[in-house]
Amino acid sequence: MTNEALNNLVEKKLPRIEVANLLLFRLPLKDPFETSFGSIDHREIILCTLEASGLRAYGECVADVDPLYSYETNFTAWEILKRYVIPAFASTRSIHDFLRQTGNIRGHPMAKAAAELALWDLLAKAQNVPLYRLWGSERAQIPCGVSVGLQKDNAALLNRIRGYLSEGYRRIKIKIKPGRDRHLLQAIRAELPDIPLMADANAAYTLQDLPLLQSLDEFHLMMVEQPLHYEDIYEHSHVQKVMKTPICLDESIVSSKAAQAAIDLKSCRIINIKTGRVGGHTESIRIHNAAMNHQIPVWCGGMLESGVGRAHNLALASLPNFTYPGDTSAGNRYWDRDIVDPPVIMDSNGFITLQEKPGIGYDVDHDFLNSLVVHRETVLK
Ligand code: OSB
Ligand code: MG
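None of the values given here were measured: they were computed from a predicted structure. (Residues numbered from 1 in each chain as written. Chains lettered and ligands numbered in written order. Predicted model: local features only at pLDDT ≥ 70, side-chain atom pairs only at ≥ 80, totals over all residues. Heavy atoms only, no water.)

Chemist: Help me out: how do you make sense of the pattern of salt bridges in this one?
Modeler: When the charged atoms of two side chains lie near each other, side chains of opposite charge can form a pair. This structure, assessed with the given rule, holds 18 salt bridges. The closest approach of N and O atoms between Asp31 and Arg160, which form a salt bridge, is 3.2 Å. Of the two residues, Asp31 is situated in strand β1 (residues 19-35) and Arg160 in helix α6 (residues 154-167); the sequence distance between them amounts to 129 residues. Owing to a relative accessible area of 29%, Asp31 belongs among the partly exposed residues under this scheme. Residue Arg160 is classed as partly exposed on the basis of its relative accessible area, which comes to 27%. With a closest N to O distance of 3.0 Å, Glu356 and Arg133 form a salt bridge. Here Glu356 is found in the loop between β13 (351-353) and β14 (363-364), whereas its partner Arg133 is found in helix α5 (residues 131-134), with 223 residues between them in sequence. Note on Glu356: relative accessible area 46%, which makes it partly exposed. Judged by relative accessible area, Arg133 falls into the partly exposed class, the value being 40%. (Salt bridge = Lys/Arg side-chain N within 4 Å of Asp/Glu carboxyl O. Helix = DSSP H or I, 4+ residues; strand = E, 2+ residues; numbered from the N terminus. Buried < 20%, exposed > 50% of the residue type's maximum accessible area, 1.4 Å probe, protein only.)

Chemist: What am I meant to see in the packing of helix α3 (residues 95-102) against helix α4 (residues 109-126) here?
Modeler: If you want to describe how two helices pack, look at the angle between their axes and the distance between the axes. Contact geometry of α3 with α4 gives a least axis separation of 10 Å together with a crossing angle of 170 degrees. Considered as vectors, α3 and α4 are oriented roughly antiparallel to each other. By crossing handedness, the relation of α3 to α4 is classed as right-handed. Mapping the contact onto sequence places Ile95, Phe98, Leu99 and Thr102 in α3 and Lys112, Ala115, Glu116, Leu119, Trp120 and Leu123 in α4. (Axes fitted to C-alpha atoms, helices over the stretch in contact; angles between N-to-C directions. Parallel < 35°, antiparallel > 145°, perpendicular 65-115°, else oblique. Left-handed = near helix turned anticlockwise from the far one by under 90°. Contact = heavy atoms within 4.5 Å.)

Chemist: Please clarify how the coordination of the magnesium ion (ligand 2) should be interpreted in this entry.
Modeler: Six octahedrally arranged donors around a metal ideally form angles of 90 or 180 degrees; four tetrahedrally arranged donors ideally form angles of 109.5 degrees. Bound to the magnesium ion (ligand 2) on the protein side are Asp200 (OD), Glu225 (OE) and Asp250 (OD), at distances that span 2.1 to 2.3 Å. Sequence spacing among the residues donating to the magnesium ion (ligand 2) works out to D-x24-E-x24-D. Highlighted residues: Asp200 in strand β7 (residues 197-200) and Asp250 in the loop between β9 (247-249) and α10 (256-264), separated in sequence by 50 residues. Both residues of the pair, Asp200 and Asp250, belong to the buried class. (Donors = N, O, S within 2.8 Å, 3.2 Å for Na, K, Ca; no water.)

Chemist: Looking at this structure, I do not really get the nonpolar core. What am I missing?
Modeler: Core analysis: the largest hydrophobic core is formed by 125 residues, its most contacted members being Leu50, Phe89, Trp120, Trp135, Ile174 and Ile271. Residue contributions to this core peak at ten residues, all from α4. In contact with Trp135, other than residues within four places in its own chain, are Met1, Leu9, Trp120, His281, Ile285, Ala315, Leu316 and Leu319. (Core = buried A, V, L, I, M, F, W, Y, C linked by side-chain atoms within 4.5 Å.)

Chemist: Looking at this model, I keep getting lost on the side chain of Ser255. Mind explaining?
Modeler: Examined against the element boundaries, Ser255 turns out to sit in the loop between β9 and α10. At 3.1 Å, the side chain of Ser255 and the backbone nitrogen of Ala258 are in polar contact. Excluding anything up to four places from it in sequence, Ser255 contacts Val278, Glu283 and Ile287. (Polar contact = N/O pair within 3.5 Å; in protein donor to acceptor, adjacent residues only side chain to side chain.)

Structure follows, in structure tokens:
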């Protein structure tokens, strides 16, 4: 979908939003997830739900309890949604209206994205088409990778990786940090020399680690994700210049402007797109398009989303420049039971097939969701 087609879609008339709810629910992870920020054993997630003309639409906020991946937290996102973002819905007649009304709120992309995602789900439902088809995508089969957290030892890491490979995942991403990098990769490559493998540093290194980063070339990784500071674009260009392995930026790509800067500076050869980090689907599609114009492939990142955020990610990943498997794993990689019906399942070849129902294509299991809710508020009625 071109930027012009996108501009036309955001102008389309939305049904009047009658009710907007915010709810916070708690979902336990099957296994703890450890990164360079620390370890978590459950998620707390804000959902934004809309009612309009008999339709219900959903957006998920990817903020976390603590400001570690990003400065946003559930506490800040709830306040921004309640005081600034949801009130805009009272006069929102199109996604374009919404983007204009919220465009002067600086920062807080995860809060804005939660609401904007719900509007895209609503628009697709009002048009009675699946979201990915609203965007003109034809590809309904989404190739999936999996992000494996730090494990207690190499045996446990290899065990996990073998398990995910046998389920069909099409690439493995491991988390690395100083002191836990080369040894992990050596252990994996000794046993699994050819698997599609990549490493995510979550900004844990500095330019002083350049020799170490360069030494990762020997592991023929698909890419190294965000080695340097979460706000850096410039220094990554020095690293990319001397590394054979492509750098993929995650944290630093906060907007299409940041993406354009990274592309022009040759700071990365691949971009990870997360709707929450960039403020929603509209900005995600602009980044997708800018990258495509420069032959920079993208893939869809993940933030341990529940089924609602996952369904949004899968729809986005149908766009043509999403050429690498993303962190769009099946629901059962994270949860014993998800909040959506049907569950998000992956086939043994590592593909998730998009649903043909309107909008995000998955229904919310309200009985189960209600049993998980910690806090709820109707912001607009
Ligand atoms: O950097 O990609 C990341 C999870 C939380 C915060 C940041 C990241 C991640 C992941 C997991 O790597 C991706 C997923 O499976 O959703
Ligand atoms: Mg990352």
